[in-house]
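Results of the structural survey
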Amino acid sequence: MAKLYLTSLYLTSALPLALLAACGGATSPAPSASGSPAPITTPVAAATPPPPHAGDPSATAAPTFIAADLVRRQWARADNRRQCAPIAFTDDGGAKGVPRRADFAGGWAVAFDLPGVRSAYGVAGPGLIPIDDQPPYRQTRRLMRQWPAFRELDALQAPSFAGYGLVGAKPYRADNPGGEGDHSLAYVRIHGQTCTYNVWSRISRAHLEVLLDGLRLLPPA
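Phe89, Trp108, Val188, Tyr197, Val199, Leu212 and Leu215 are the most contacted members of the largest nonpolar core, which totals 34 residues. Among the elements of the structure, helix H2 (68-77), strand E1 (87-89), strand E3 (108-114), strand E4 (117-125), strand E6 (161-166), strand E7 (184-189), strand E8 (197-201) and helix H4 (205-213) are those that each provide at least two residues to this core. Other than its neighbours up to four places away in sequence, Leu212 contacts Arg151, Leu153, Ala162, Tyr164, Ala186, Val188 and Val199. Counting 9 residues, the second-largest nonpolar core is a separate cluster that includes Ala102, Ala111, Leu143 and Leu185.

It is worth spelling out the pairing of E6 at this point. The element E6 is largely enclosed, with a buried count of 6 among its 6 residues. Note: strand E5 (residues 149-152) against E6, 4 bridges, orientation antiparallel. The residue bridging Phe150 from the neighbouring strand is Gly163, located in E6. The sheet contact formed by E6 and E7 spans 6 bridges and is antiparallel. Directly across from Ala162, in E7, lies its bridge partner Val188.

It is worth spelling out helix H3 (residues 136-146) at this point. Taken residue by residue, H3 has Gln139, Arg142 and Leu143 as its buried positions. All buried residues of H3 fall inside an arc of 90° around its axis, so they share one side. Contact partners of the buried residues in H3: E5, E6 and E7.

Next up on the list: the state of the cysteines. In total, this model carries 1 disulfide according to the counting rule given. Each sulfur of the disulfide joining Cys84 and Cys195 lies 1.9 Å from the other. Its torsion about the S-S bond being 60°, the disulfide of Cys84 and Cys195 is classed as right-handed. Taken together, the residues span a long stretch of sequence, with Cys84 in the loop between H2 and E1 and Cys195 in the loop between E7 and E8 at a distance of 111 residues. For Cys84, a relative accessible area of 0% translates into the label buried.

What counts, and where the lines are drawn
Residues numbered from 1 in each chain as written. Predicted model: local features only at pLDDT ≥ 70, side-chain atom pairs only at ≥ 80, totals over all residues. Heavy atoms only, no water. Core = buried A, V, L, I, M, F, W, Y, C linked by side-chain atoms within 4.5 Å. Buried < 20%, exposed > 50% of the residue type's maximum accessible area, 1.4 Å probe, protein only. Helix = DSSP H or I, 4+ residues; strand = E, 2+ residues; numbered from the N terminus. Contact = heavy atoms within 4.5 Å. Pairing = 2+ DSSP bridges. Arc of directions from axis to C-beta. Disulfide = S-S within 2.5 Å.

Bear in mind that shape data such as this cannot, by itself, settle questions of function.
Rendered as structure tokens:
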């Protein structure tokens, strides 16, 4: 009889403790395997990125393309349109040339005329040649060996780059290092595209570099 009483008493006294634990009333962490209290961890809220501000490149407006519709029309007629996406200038250095269609066998082109200077500058996606299929690292070496100047195009997806100089892959003359009035030409490779684009300027080397830095892939119309 005494044994039955003690068992009943134990169950009665243990019941409030079990209820307290089930309701979350315990305030101390359960001991760890070593006997010391387990550390209490608090979830850390995910960091919220700050809103873009005026100096953030992601907050800048979309570029304004020069002669975009004409470039698209020329590109749409070209044999190489599946391997050579349309590109256009977003900066012409203030030249304000008059755009017109130009012919490149198997490809497309847009030239810009100035008073007294036909085809003063322009851009083209020439027809494909076998060497165009080589991977980017080979294209980099090719253009660096072929041209006296080389430039990475940071505004386009890497690797995008240009080799340039005077027509014929010649260096700029010592008596005219800026190429003023000479025919500057660049061969341009853009990530994801097969063709070797041409960009040229008969104004100056500095003008050609402005055109190169302002090159962008044209988005769909």
